[in-house]
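A look at the structure
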Amino acid sequence: MITTVTLNASIDKAYYMSDAIENGTVMRVREVRNVAGGKGLNVAKVAHICGEEIKVTGFVGGFNGQWLESMAANAGLITDFEHVSGETRSCVNILDPKFGSTEYLEPGFELSPEDIAKFMARFPEIIRESSVVTMSGSAPRGVAKNIYGELVRIIRETGKRVILDTSGEYLKLALLSEMKPNMIKPNKDEIEQITGIKPKTLDDVKGSAILLHETGVEFVVVSLGSEGALLACDDGVLIARPPKLEAVNTVGCGDAMTGAFAVAMSRNLRPDEALRYAVAVSAASALSPDTGDFAPKNFDGIFPNVKIF
Ligand code: TA6
């Protein structure tokens, strides 16, 4: 089993527009798609499509929280959330012919010390049956910036592996903790936040990934968008590039990559096999209009055409 942690879950609303958005005007939305979202839910849905049993946890509240849990259960996920008094947030992704994707991410509810303490006390039991735990995205207000470092410690002390995909102070503090996540997946901006150096070339990305690997993170993955991903590990630096595709919705592709890496880790795939698998799943997810989704037939067409070098 794999558990995915989404501290700041979201009802993800995708607005598909017929025309380019114009600020200050009234615009009609051609199509709305609502899904159980937040990075960890996208991770979970993709890992479930890959064939694994998945538990989703974190914090939810209000009617949006009930709606999210209902959609997650209908997607075949085991739900084990901490229920709080606030209302689960929404995140809007507006897709239009001119600007592509524009996201509006709400901050989410504020958690009380009691909410957090109850979750932390339950956390060892929540993850007990999982071999791999992923933790993704932002954290709600009221949560200490070192939350992920503390959760990583609990996960590693129980002999499980953990993939952490977050940013800013949350990521920085988690990397300063004594026990490191097994895998992180920073993008180029997050590498700059951690190292203070904005990678400009692929060699810069490679150098930063090696630096982060040498701090004790077993696998450092840097997403390169449509160019695939780079992996730094004890086997060296590997790059995987998918075939060129006509993307439909790239929001959540990074989360799909995390989900596929979690599946590969639970199946003990070699690093090169895991990278090929994750890049193919992530590319296939770009062909779906929904975040946290991909069609296995699209994966089958992409997987053999991923180039590893
Ligand atoms: O990566 C896409 C996405 O998961 C959206 O689906 C939306 O939920 C957003 O990210 C949430 O990001 P955050 O960093 O606030 O957790």
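Each remark here, short or long, concerns the structure printed above.
Scope of this entry: the structure provided in the associated data block. (Residues numbered from 1 in each chain as written. Predicted model: local features only at pLDDT ≥ 70, side-chain atom pairs only at ≥ 80, totals over all residues. Heavy atoms only, no water.)

1. A closer look at the overall build of the protein chain
Filter applied, for reference: A run of H or I in DSSP becomes a helix once it reaches four residues, and a run of E becomes a strand once it reaches two; helices and strands are each numbered from the N terminus. All radius of gyration figures rest on C-alpha atoms, and the globule criterion is 2.2 Å times the number of residues raised to 0.38. Relative accessibility under 20% of the residue-type maximum defines a buried residue, over 50% an exposed one, and the middle range a partly exposed one, all with a 1.4 Å probe and only protein chains included.
Check the secondary structure of the protein chain and you find 10 helices and 15 strands. Taken against the 2.2 N^0.38 rule, which gives 19 Å for 309 residues, the C-alpha radius of gyration of the protein chain at 18 Å falls within 12% of a compact globule. When its C-alpha atoms are laid out on the principal axes, the protein chain stretches across 50 × 45 × 40 Å. Within the protein chain, buried positions represent 53% of all 309 residues.

2. Some words on the packing of aromatic side chains
Rule in force here: When two rings of Phe, Tyr or Trp (its six-membered ring) have centres within 6.5 Å they constitute a pair, described as stacked for plane angles under 30 degrees, edge-to-face for angles over 60, and tilted for the intermediate range. Sitting over a ring, as applied to charges here, requires NZ of Lys or CZ of Arg to be within 6 Å of the ring centre and within 35 degrees of the ring normal.
Summed over the entire model, instances satisfying the criterion amount to six aromatic pairs. Aromatic pair Y277 and F299: ring centres 5.4 Å apart, planes at 70°, arrangement edge-to-face. Within this pair, whereas Y277 is found in helix α9 (residues 271-285), its partner F299 is found in helix α10 (residues 296-302), the two being separated by 22 residues in sequence. Taken as a pair, Y277 and F299 share a single burial class, namely buried. Aromatic rings pair up to connect Y277, F294, F299 and F303 into one cluster. When the ring centre of F303 is taken as origin, the NZ or CZ atom of R276, which lies over that ring, is 5.8 Å away.

3. Considering the site of the ligand
Short version of the rule: Residue proximity to a molecule or strand is established when one non-hydrogen atom of the residue lies within 4 Å of it. The definition of a polar contact used here is a pair of N or O atoms within 3.5 Å, where within protein one atom must be able to donate a hydrogen and the other to accept one, and adjacent residues in sequence count solely through side-chain atom pairs. Only the protein chains shown count as cover for residues, and all accessible areas are computed by the Shrake-Rupley method using a 1.4 Å probe. Ten residue types, Ala, Val, Leu, Ile, Met, Phe, Trp, Tyr, Cys and Pro, are classed as nonpolar, four, Asp, Glu, Lys and Arg, as charged, and the remainder, Gly among them, as polar.
Taken together, 13 residues lie near the ligand, and D12, K39, R89, S138 and D255 sit nearest. One nitrogen or oxygen atom from the side chain of N42 is found 3.0 Å from an oxygen atom belonging to the ligand. Considering the ligand on its own, with 400 Å² of exposed area, one finds that the protein chains cover 89% of that surface. Contributing elements (two or more residues each) for the shell around the ligand: α1 (39-49), β7 (89-96) and β8 (100-105). Of the residues in the shell around the ligand, the class split is three nonpolar, five polar and five charged.

4. Some thoughts on the sheet that holds β7
Here is the rule we go by: Two strands are counted as paired when DSSP detects at least two bridges linking them. Every axis corresponds to a line fitted to the C-alpha atoms, with the helix fit spanning only the stretch in contact, and the corresponding angles, defined between N-to-C directions, vary from 0 to 180 degrees. For this analysis, residues touch if any pair of their heavy atoms sits within 4.5 Å.
Pairing within the open sheet is mixed, and its four strands lie in the order β3-β2-β7-β8. Every interior strand has two partners, whereas the edge strands, β3 (31-37) and β8, have only one. When the angles between neighbouring strand axes are averaged without regard to direction, this sheet yields 20°. Where β7 lies against β8, six bridges are found, and the strand directions are antiparallel. Residue pairing across strands places L95 opposite S101, the latter belonging to β8. Contacts from α1 reach β2 (10-16) and β3 within the one sheet, and its direction differs from that of β3 by about 90°. Each of β2, β3 and β7 touches helix α2 (residues 62-74); the most contacted strand, β3, lies at about 85° to it.

5. Focus on the pairing of β2
Within β2, six of the seven residues are buried, which leaves the element mostly enclosed by the surrounding structure. The pairing of β2 with β3 spans seven bridges and is classified as antiparallel. Within the sheet, the bridge partner assigned to S10 lies in β3 and is G37. Here β2 pairs with β7 via seven bridges, running parallel. Paired with K13 across the two strands is V92, which belongs to β7.

6. Quick word on the packing of helix α8 (residues 253-266) against α9
Our working definition: Definitions for this section: a left-handed crossing has its near helix turned counterclockwise from the far helix by less than a right angle. A right-handed crossing has that turn clockwise.
Their axes nearest at 8 Å, the elements α8 and α9 cross at an angle of 145°. Of the two possible hands of crossing, α8 and α9 adopt the one that is right-handed. For the pair α8 and α9, the contacting residues are C253, A256, M257, A260, F261, V263 and A264 in the first and A274, L275, Y277, A278, V279, V281, S282 and S285 in the second. Split by residue class, the contact of α8 with α9 holds 13 nonpolar, two polar and no charged.

7. Structural notes on the pairing of β7
Regular strands place side chains that alternate from one sheet face to the opposite one. Taken across its eight residues, β7 has eight buried, putting it largely inside the fold. Side chains R89, C91, N93 and L95 project from β7 onto one buried face, and the interleaved S90, V92, I94 and D96 project onto a second face that is buried too. Linking two consecutive strands that pair antiparallel, namely β7 and β8, is a turn of three residues.

8. Some points on the state of the cysteines
Convention followed: Cysteine sulfur atoms that come within 2.5 Å of each other are treated as a disulfide pair.
Across all of its chains, the model carries zero disulfides by this definition. Here C50 is not disulfide-linked; the sulfur of C253 is the nearest cysteine sulfur, at 13 Å.

9. A closer look at the packing of helix α3 (residues 113-126) against helix α4 (residues 147-157)
Note the cut-off: Any angle from 65 to 115 degrees is called roughly perpendicular, while one under 35 is roughly parallel, one over 145 is roughly antiparallel, and all others are oblique.
In the contact formed by α3 and α4, the axes pass within 10 Å of each other and the chain directions differ by 25°. Our classification of the angle between α3 and α4 gives roughly parallel. Note that α3 runs across α4; the crossing there is right-handed. Two secondary-structure elements touch here, α3 through F119, M120, F123 and P124 and α4 through I147, E150, L151, I154 and I155. Classifying every residue of the contact of α3 with α4 by side-chain character gives eight nonpolar, no polar and one charged.

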